[in-house]
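Examining the three-dimensional arrangement
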Amino acid sequence: MALWAKAQQLPPESLQQIRAIYGEHFPIEVRHYLAQWIEDKFWYATNPISSVMFIMCRSDIEPVPENPQHEQYVAGLLNSLVQEIENKAAVVTDTEFFLTKLKLAEAAKTFRQRYSGNPMQLFNYVRQCLATEMRLVQAASGEVTGFPSLVTNGSSAEVIHKLEIIKTRTRDTAEDLRRLEQEQEAFAIQYHECTKLSAHIQQLSAQQSSPQTTAAIQKITHQKELLEQVLQQKVAGLVQLRLTLVDKLKETFQMINTLQGHVLDEELIRWKREQQLAGNGAIFNSNLDTIQEWCESLAELIWSNRQQIKEVELLKKKLSLATPGVPDVLPQLLTEITQLLSSLVTSTFIIEKQPPQVMKTNTRFTATVRLLVGGKLNVHMTPPQVKVTIISESQANILLKNDKLGKSGEASGEILNNTGTMEYQQATRQLSVSFRNMQLKKIKRAEKKGTESVMDEKFSLLFQSQFSVGGGELMFQVWTLSLPVVVIVHGNQEPHAWATVTWDNAFSEPGRVPFAVPDKVPWSNVAETLSLKFRAATGRPLTEENIRFLAEKAFRGNYSEPNQMLSWAQFCKEPLSERNFTFWEWFYAVMKLTREHLRGPWVDGAILGFIRKKQTEEMLQSRPSGTFLLRFSDSELGGVTIAWVSDSSEVFMLQPFTSKDFAIRSLADRIADLSHLLNLYPDIPKDIAFNKYYTPFQDNQPTANNGYVKPLLVTHVPGWSGPGVVSYPNTPQHPFLQSPDPSRDTPSVASSYAGSVATTMTGAGQGMDYLDQLDDCNIDLNGLVNLSELMQGYRQ
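Everything in this summary refers to the structure shown in the same document.

What about the sheet that holds strand 18 (residues 651–653)?
The mixed open sheet is built from five strands, whose spatial order is 18-17-16-19-20. Each edge of the sheet is formed by a strand with only one pairing partner; in this case those strands are strand 18 and strand 20 (684–685). Strands strand 16 (627–632) and strand 17 (640–645) of the sheet are contacted by helix 17 (residues 583–604), whose axis makes an angle of about 140 degrees with strand 16. Helix 18 (residues 613–621) contacts strand 16, strand 17 and strand 18 of the sheet and is inclined by roughly 165 degrees relative to strand 16.

As for unusual backbone geometry
Between P514 and the following residue, F515, the backbone shows a cis peptide bond with an omega angle of -15 degrees. P682 follows Y681 through a cis peptide bond whose omega is 5 degrees. Inspection of the secondary structure puts P682 in the loop between strand 19 (679–680) and strand 20. The backbone of R429 sits at a positive phi, close to 60 degrees, despite the residue not being glycine. As for its placement among the helices and strands, R429 is situated in the loop between strand 9 (423–425) and strand 10 (430–443). Positive phi, normally seen in glycine, also occurs at E578, with a value near 60 degrees. Within the secondary structure layout, E578 lies in the loop between helix 16 (568–572) and helix 17.

Concerning the pairing of strand 10
As judged from the seven bridges shared by strand 5 (residues 364–371) and strand 10, these two strands associate in the antiparallel manner. Within the sheet, the bridge partner assigned to V369 lies in strand 10 and is V433. With four bridges joining them, strand 7 (residues 413–416) and strand 10 adopt antiparallel strand pairing. Among the inter-strand pairings, L416 is bridged to a residue of strand 10, identified as Q439. Relative to strand 10, strand 9 runs antiparallel, the two sharing three bridges. Of the residues in strand 10, the one forming a bridge with E423 is S432. Hairpin remark: strand 9 followed by strand 10, antiparallel, with four residues in the connecting loop; positive phi at R429, about 60 degrees.

Remarks on the sheet that holds strand 8 (residues 419–421)
In a beta sheet, neighbouring strands pair by backbone hydrogen bonds and run either parallel or antiparallel. Reading across the sheet, the four strands line up as 8-6-11-12 and stay open at both edges, with antiparallel pairing between neighbours. The sheet is open, and its two borders are formed by strand 8 and strand 12 (474–481), each paired with just one other strand. Neighbouring strand axes in the sheet, compared pairwise and without regard to direction, differ in orientation by 25 degrees on average. Note that strand 11 (residues 459–469) and strand 12 share eight bridges and pair antiparallel. Bridge pairing in strand 12 links Q466 to Q477. Its contacts with the sheet put helix 12 (residues 393–402) on strand 6 (385–392), strand 11 and strand 12, and the angle it makes with strand 6 is roughly 125 degrees.

Cut-offs and rules
- Residues numbered from 1 in each chain as written.
- Predicted model: local features only at pLDDT ≥ 70, side-chain atom pairs only at ≥ 80, totals over all residues.
- Heavy atoms only, no water.
- Pairing = 2+ DSSP bridges.
- Helix = DSSP H or I, 4+ residues; strand = E, 2+ residues; numbered from the N terminus.
- Contact = heavy atoms within 4.5 Å.
- Axes fitted to C-alpha atoms, helices over the stretch in contact; angles between N-to-C directions.

By themselves these figures say nothing about function.
And the structure:
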């Protein structure tokens, strides 16, 4: 039986929860009329990467969100959903279902407008709805045959369910308020009648006494007494209605307060934390649009209940009724619910797109701020201005303590283009402003203490605005701080600046004093952070072996167990043993090299990388001649070396290649140049491992526009030659080759470039042109073997 069919058989309270999760986000009519299609496409789907059927909702085989093929699949799924809805609306012709037809057509239009730019949001929302249905069905029946067990905390569905409960209560108290108003108006009319009777009695009493007058007075007095009894009952009823309504409003306030606390202190804080971790490379599936919908609902509910409280106060002033022993809680309740609205508004002024956390002066940068409740409160009717300033750590402390900056100075630098106007986008219902051309012109630094450097100093961008709601009834001053930023003036400061940012993003705690972080953290936490960053930069995370290698390096060989504490100094302050660079500098350089030049082979697993020289020798000595592997250099920042085993079972290591080398010729092409390299460890032919990364060779190299013939640079190891490598008669054999020096972790076999051209050169000047071309490529001419003989060969 389909999930939707089972869901429809649930008890009323469960059906109410299911109804609550649908609504304007995903109309329940769409779920009903496309039930089977939705379950087929959003539940069971084809993996766009492997073309194998899998269950989308299973957490253990979750598709990678940033995978381009997966994104294409979801985008296509959105288009198909819209088409299916439109087709279903077109075939609904029965007049009895005319409203359903309109609802489906409106849903198709809304989906196209709202989710075309972010189909993943709708995809995740529908799966969340299906997960909630499954959870409720499982809870009711104990087991569901034929459907996967879902891992979900139901938090989203719970929020929506509580919002629906509060909305229902708010509608109920609105009805109670109308009834109270009507009852009070009826009381006023009857009270007025009673006063009229009293005036009539007084008028008759003033007249000359007569039997007729006496009879009239008695009759009117009787009417008045009956009316007074009714009024007494009315008073009791009005008092009870007021007390009951006030109690309901208090309870609703408590429910809103609790739910808002959950949304702001848990859901929004979690979003901010995940945004911060994304700065270290963690996957960030933003649910900000969903949080905005919750906050907008809360804003509407708070405003409605606030208006109801004010109306009750107004009715109370119109008709004062004594309630001995019952305190008047309305003024305090109005104050508290107004404060609740203020808290919601100020907390939902957030930075949707953070500025760069390593910020270079005189360099353009961007940021986006958004007010999640701006649309519902009609803030955009008078678009607010937002100003950006940069403040220091001490200024941020003052701001958080006093809610305003001290008089000593409002900024620690000068930012160009630092003001903007918030705009409301009707399609997305977002009130935001994007700063696209900000630039930090100058910065004021604090005095340094001890070993502190400018790359240890943290600043933050302060975004400020003010606006009014309710026709100027309430005025709000809002501000928010960016994640900490480190300001640099030169590129060579970037590695250490990223160390500061990485440590802060990973290990800062909620509610901290700006911008305090622990000085020591468990290695397991550091390892997780390093793996996140490496995966984000290179496409593949670190393995357990990689992490063990890094632990040994970080602790200088004194690593014992995962919970061992690593200090900030060990991480990026103290040089490694016998080196003039720190652990972080070494790791950062390796990561940068891999990201820029080695990403493909690294993702393929062709680069072992994190392996020591001794282990490399042990692994290769047991393999056939020509077996090689790639490891990151211990002695040179951002270097990768090729280690191979010779016919005599000796292991040689090539002088490390760096980014500068790979800018001239890629790793794969260099491996192809060296014919003595046969198999990638353990036994993969090098052409299988690297063929797809080779640069295609053209036999007829055309002459460039400037008249030069472009050379082909080939990597050559003196003394090692073979098919495909130019061999030179006077090349010294083996005097440059030796086993690596055991006292250093430095390869000792140097490579050089041999130049060749695919076209015949003529003219005496061609040789010098070739030298000019080599010079343009920054090639060390001393590394060329038998250059004069080579040039003679070209001249011939």
